[in-house]
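Architecture and fold: a report
Letter by letter, the chains look like this.
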Amino acid sequence: MAEGSAPESTSTSRQKSCNTCVKAKRGCDKRHPICSRCEEKRISCIYAKRTYNEAFQSGFDLNSIESDLYWAGSTAPSSSVNFVDEIPPGSATSARLDTTHLPPLDASFINPLFLTFAENRFTSAGDMQPSNSAGGQLSRQQEKEQALSMFDYAQMADLCVYDPNTKVHFIVQTLKGYPCTFAKDSHTPWMHRYLYKDQMPSSIRSCFTVSALYTNMTSSNKTSVFRVLCQSMNELKQQPLSNTPQEKLAKAQALFLYQIICLFDGDPTLRSNADRDMPLLQGWLHELCKIRENLESPESLNSVDMRGDPNPPRSWEWWMFTESVRRTIVIAYAFLGLWSIMCKDYDATFFDVWKYPHRWTISRPLWEAPSSFDFFLIWRNKAYPIIENFDFESFLKTGISDDVDDFSKVLMVTYMGLDETKLWLMDKNAVF
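Residues numbered from 1 in each chain as written. Predicted model: local features only at pLDDT ≥ 70, side-chain atom pairs only at ≥ 80, totals over all residues. Heavy atoms only, no water.

**So, the overall build of the chain**
When its secondary structure is counted, the chain shows 17 helices and 2 strands. Counting across all 432 residues of the chain, residues that qualify as buried make up 51%. By sequence separation, contacts in the chain at least 24 residues apart represent 75% of the contacts at least 6 residues apart. Carbon and sulfur atoms form 51% of the exposed surface of the chain, whose accessible area is close to 19,800 Å². (Helix = DSSP H or I, 4+ residues; strand = E, 2+ residues; numbered from the N terminus. Buried < 20%, exposed > 50% of the residue type's maximum accessible area, 1.4 Å probe, protein only. Contact = heavy atoms within 4.5 Å. Areas by Shrake-Rupley, 256 points an atom, 1.4 Å probe, with all protein chains shown as cover.)

If you want it as structure tokens, here you go:
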């Protein structure tokens, strides 16, 4: 049996150490997604699968939920920047990507590394060089064996992307559906339905037009739709610097929707445009972080009702704006990380953002309140849990299914898996 294979007897045990350390009878520091010993030896690090009840009691392990998606030896780059409440000014950097050598978008680029965003533990770029247990360079034969191991997992990844029962498929399909949702409903799970009720910025008007055209695109009008799309994107990028917070949010949301269309449509020209504009989207998200009103840390919330600041927001309109900012930042940064992995670029700048606390409110009643009166009534009578990045552990133990909306659902699937999310909702007598 290979050193990294999982013993059958541990598949439903309470084992916390990885299978490799258990088999070797060595101490394991239980670091995710790869423990220090396995990383040093450059071998597969697999944690035993646990039952739903065990995972529910001790928190969910992304690496163990879908270990069949694991790519041996894959770790994400990192930075040494410490946790702070806000992104430091001027931290935006350009992605280093040669788009002339990019192959067409296909499933083989979906690396399960995206599914471990929330762990917030990355190795530095210098640590990614192959080395043996003695700290020296691996031999050419060992490097070849590692490359073959990566190749062997490629076909499995293809199946996982196209398999509707996997979380990779669900995440990609959810992202692809946002332009259509915007065209049909005039809002998205991260853009509040009343956000632009009184005044719709020109960037959002143009994006709505493009989304509607793209949703109803046919083979006959495809050329015209693409022409309008490219023209709208160019106009958006040529607009002067935004002066108001609402304009900054509108431009970032419009560019995000454009990037989704360009990346997932399948047209090579649009894909090239998307690759080129990803650093721009990242820069605009950094600007949003500067105007964001971040929430209190979940650790500081009341353990009984998980209630945040007891003082209500200054207005309903202010809350829907600030919550839209928070949600846009989280989902768009997740999109950037997915794109980086699809390109096999692994630029640390697209992953380092998860070293910072990005908090948002998981409360369907608050998000879907139809009026200011209903909003403040709900605020006074109901708890509103706070989620930091992808950490749902506390919410899964004490939360209720009524708080789970479409936005939180896709992040829950990212955190714990598709079947696990369905099972949690079913236990709460709710439908996925």
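**Remarks on the packing of aromatic side chains**
A full pass over the atoms with the stated rule returns 19 aromatic pairs. Geometrically, the ring pair formed by phenylalanine 170 and phenylalanine 432 is tilted, given 5.5 Å between the ring centres and 55° between the ring planes. Of this pair, phenylalanine 170 sits in helix H6 (residues 167-176) while phenylalanine 432 sits in the segment after helix H17 (418-427), placing them 262 residues apart in sequence. Chaining the aromatic ring pairs together yields one cluster made of Trp319, Trp367, Phe375, Phe376, Trp379 and Tyr384. The side chain of arginine 327 reaches across the aromatic face of tryptophan 367, ending 4.1 Å from its centre. (Phe/Tyr/Trp six-rings, centres within 6.5 Å; stacked < 30°, edge-to-face > 60°. Lys NZ or Arg CZ within 6 Å of the ring centre and 35° of its normal.)

**What about the packing of helix H10 (residues 245-264) against helix H12 (residues 316-342)?**
Running from N to C, H10 and H12 point in directions that differ by 30°, and their axes come no closer than 11 Å. Taken together, the axis directions place H10 and H12 in an arrangement best described as roughly parallel. The way H10 lies across H12 gives a crossing that is left-handed. Residues Pro245, Gln246, Leu249, Gln253, Phe256, Gln259, Ile260, Leu263 and Phe264 of H10 pack against Phe321, Ser324, Val325, Thr328, Ile331, Ala332, Phe335, Leu338, Trp339 and Met342 of H12. (Axes fitted to C-alpha atoms, helices over the stretch in contact; angles between N-to-C directions. Parallel < 35°, antiparallel > 145°, perpendicular 65-115°, else oblique. Left-handed = near helix turned anticlockwise from the far one by under 90°.)

**Examining H17**
Each α-helix turn comprises 3.6 residues. Residues three or four places apart therefore point the same way. Within H17 the residues assigned to the buried category are Leu418, Thr421, Trp424 and Leu425. Along the long axis of H17, the arc covered by the buried residues comes to 130°, so they all point the same way. Phi for asparagine 429, located one or two positions after H17, is positive at around 60°. (Arc of directions from axis to C-beta.)

**Some thoughts on the side chain of glutamine 259**
Inspection of the secondary structure puts glutamine 259 in helix H10. The class of glutamine 259 is buried, set by a relative accessible area of 0%. A distance of 2.9 Å separates a polar atom in the side chain of glutamine 259 from the backbone oxygen of alanine 274. What glutamine 259 contacts, discounting residues up to four positions off in sequence, is Met233, Asn273, Ala274, Asp277, Met278, Leu281 and Phe335. (Polar contact = N/O pair within 3.5 Å; in protein donor to acceptor, adjacent residues only side chain to side chain.)

**Regarding the nonpolar core**
Formed by 76 residues in total, the largest nonpolar core has its most connected members in Leu175, Phe256, Phe264, Ile331, Phe335, Phe392 and Leu411. The element contributing the most residues to this core is H12, with 14 residues. Beyond its immediate sequence surroundings of up to four residues, isoleucine 331 is in contact with Leu175, Tyr178, Trp190, Phe256, Phe407, Val410 and Leu411. In terms of nonpolar packing, the next biggest core, distinct from the first, is built from 12 residues, Leu295, Met320, Leu366 and Phe375 among them. (Core = buried A, V, L, I, M, F, W, Y, C linked by side-chain atoms within 4.5 Å.)

**Quick word on the pattern of salt bridges**
For the structure shown, the criterion picks out 10 salt bridges. Measuring nitrogen to oxygen at the nearest pair gives 3.0 Å for the salt bridge that ties arginine 327 to aspartate 405. Taken together, the residues arginine 327 in helix H12 and aspartate 405 in the loop between helix H15 (393-398) and helix H16 (406-416) connect sequence positions 78 residues apart. Both residues of the pair, arginine 327 and aspartate 405, belong to the buried class. We note a salt bridge from lysine 397 to glutamate 393, for which the minimum N-O separation is 3.7 Å. Taken as a pair, lysine 397 and glutamate 393 lie in helix H15 at a separation of 4 residues, close to a single helical turn. Given a relative accessible area of 28%, glutamate 393 falls into the partly exposed group. (Salt bridge = Lys/Arg side-chain N within 4 Å of Asp/Glu carboxyl O.)

**What to know about the environment of tryptophan 339**
With respect to the helices and strands, the residue tryptophan 339 is situated in helix H12. Considering only alpha carbons, one finds tryptophan 339 and leucine 263, 76 residues apart in sequence, at a separation of 8.4 Å.

**Topic: the confidence of the model for the chain**
Scored by pLDDT, the chain has a mean of 74; 67% of the residues are at 70 or more. At the low end of the mean pLDDT range in the chain sits helix H4 (residues 62-65), at 37; at the high end sits helix H7 (residues 178-185), at 97. Across residues 1-12, confidence stays below pLDDT 50; counting only partners more than four residues off in sequence or on other chains, it has 21 contacts. Low pLDDT (under 50) marks residues 302-306, which in the prediction has 8 contacts with non-local residues, meaning those over four places away or in another chain. (pLDDT = per-residue confidence, 0-100.)

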